[in-house]
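Listed below, chain by chain, are the residues.
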Amino acid sequence: QVRLVESGGGLVQAGVSLRLSCAASGRTFSDYAMGWFRQAPGKEREFVAAISRSGGITYYADSVKGRVTISRDNAKNTVSLQMSSLKSEDTAVYYCAAAMGGVRTVVAGPPDYWGQGTQVAVSS
């Protein structure tokens, strides 16, 4: 079992930056590809970004490409999502996810484990 706990969400103004973090515990963190998903009110959960077990490969949704960077620290068992130039359409609950398979398993879904989510609200 892998436990994922997100943090860093909040209410921010459009145009600013925000960094989300996810702390993992329970299993060997470097065995898992990691990712971030989000779910806006009334919409389905969607993929945001993914990173391979070593951190050498990353994928991004077209909607966030260029504004978002995913990174991980295998020594600290954490994965982060740095978001810049936030827009109102980025408002959502952001979920951390872990997948035993490769990074494409995160992208294609579904991941093996989910966090509880952290709310990001962007005011315009």
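Residues numbered from 1 in each chain as written. Predicted model: local features only at pLDDT ≥ 70, side-chain atom pairs only at ≥ 80, totals over all residues. Heavy atoms only, no water.

1. As for the overall build of the chain
When you go through the chain residue by residue, the secondary structure sums to one helix and 11 strands. Of the regular secondary structure in the chain, the N- to C-terminal order runs β-β-β-β-β-β-β-β-β-α-β-β. The C-alpha atoms of the chain give 13 Å as radius of gyration, which agrees with the globular expectation for 124 residues (14 Å, within 12%). When contacts within the chain are restricted to residue pairs at least 6 apart in sequence, long-range pairs at least 24 apart make up 60% of them. Within the structure as shown, the chain displays about 6200 Å² of accessible surface, and the carbon and sulfur contribution to it stands at 47%. Both charge centroids of the chain, one from 13 positive and one from 9 negative side chains, sit 4 Å from each other. (Helix = DSSP H or I, 4+ residues; strand = E, 2+ residues; numbered from the N terminus. Rg over C-alpha atoms; globule rule 2.2 N^0.38 Å. Contact = heavy atoms within 4.5 Å. Areas by Shrake-Rupley, 256 points an atom, 1.4 Å probe, with all protein chains shown as cover. Lys, Arg positive; Asp, Glu negative; His and termini not counted. Charge placed at Lys NZ, Arg CZ, Asp CG, Glu CD.)

2. A short note on the environment of valine 16
Checked against the element boundaries, valine 16 lands in the loop between β2 (10-13) and β3 (18-25). Here the alpha-carbon distance between valine 16 and serine 85, two residues 69 residues apart in the chain, equals 5.3 Å. Setting aside anything within four residues of it in sequence, one finds valine 16 in contact with Met83, Ser84, Ser85 and Leu86.

3. With respect to the pattern of salt bridges
In this structure the tally under the stated criterion is four salt bridges. Between arginine 38 and glutamate 46 there is a salt bridge, with its nearest N and O atoms 2.7 Å apart. A residue is classified by how much of its surface remains accessible, and arginine 38, at 6% relative accessible area, is buried. Under the relative-accessibility criterion, glutamate 46 is labelled partly exposed at 35%. In this structure, a network of salt bridges that share partners links the residues Arg38, Glu46, Arg67 and Asp90. (Salt bridge = Lys/Arg side-chain N within 4 Å of Asp/Glu carboxyl O. Buried < 20%, exposed > 50% of the residue type's maximum accessible area, 1.4 Å probe, protein only.)

4. So, the nonpolar core
Formed by 38 residues in total, the largest nonpolar core has its most connected members in Leu4, Met34, Trp36, Val79, Leu81, Met83 and Tyr94. Sorting the residues of this core by element identifies β3, β4 (33-39), β5 (46-51), β7 (68-73), β8 (78-83), β9 (92-99), α1 (103-108) and β11 (118-123) as the ones contributing at least two each. For this core, the element with the most residues is β9, which contributes six residues. In contact with methionine 83, not counting residues within four places along its chain, are Val16, Ser17, Leu18, Leu20, Arg67, Val68, Tyr94 and Val120. (Core = buried A, V, L, I, M, F, W, Y, C linked by side-chain atoms within 4.5 Å.)

5. Considering the packing of aromatic side chains
Counted according to the given criterion, the structure contains four aromatic pairs. Measuring from ring centre to ring centre gives 6.4 Å for tyrosine 95 and tryptophan 114, while their planes differ by 85°; the resulting arrangement is edge-to-face. Of this pair, tyrosine 95 sits in strand β9 while tryptophan 114 is found in strand β10 (residues 113-114), placing the two residues 19 residues apart along the sequence. Residue class for tyrosine 95 comes out buried when judged on its relative accessible area of 13%. (Phe/Tyr/Trp six-rings, centres within 6.5 Å; stacked < 30°, edge-to-face > 60°.)

6. Digging into the sheet that holds strand β1 (residues 3-7)
Read from one edge of the open sheet, four strands run β1-β3-β8-β7, paired in antiparallel fashion. Taken across any chain shown, the strands that pair with only one partner, and hence form the sheet edges, are β1 and β7. Across the sheet, the axes of successive neighbouring strands diverge by a mean angle of 15°, strand direction being ignored. By the bridge criterion, six bridges tie β3 to β8 in an arrangement that is antiparallel. Counted as the bridge partner of cysteine 22 is valine 79 from β8. (Pairing = 2+ DSSP bridges. Axes fitted to C-alpha atoms, helices over the stretch in contact; angles between N-to-C directions.)

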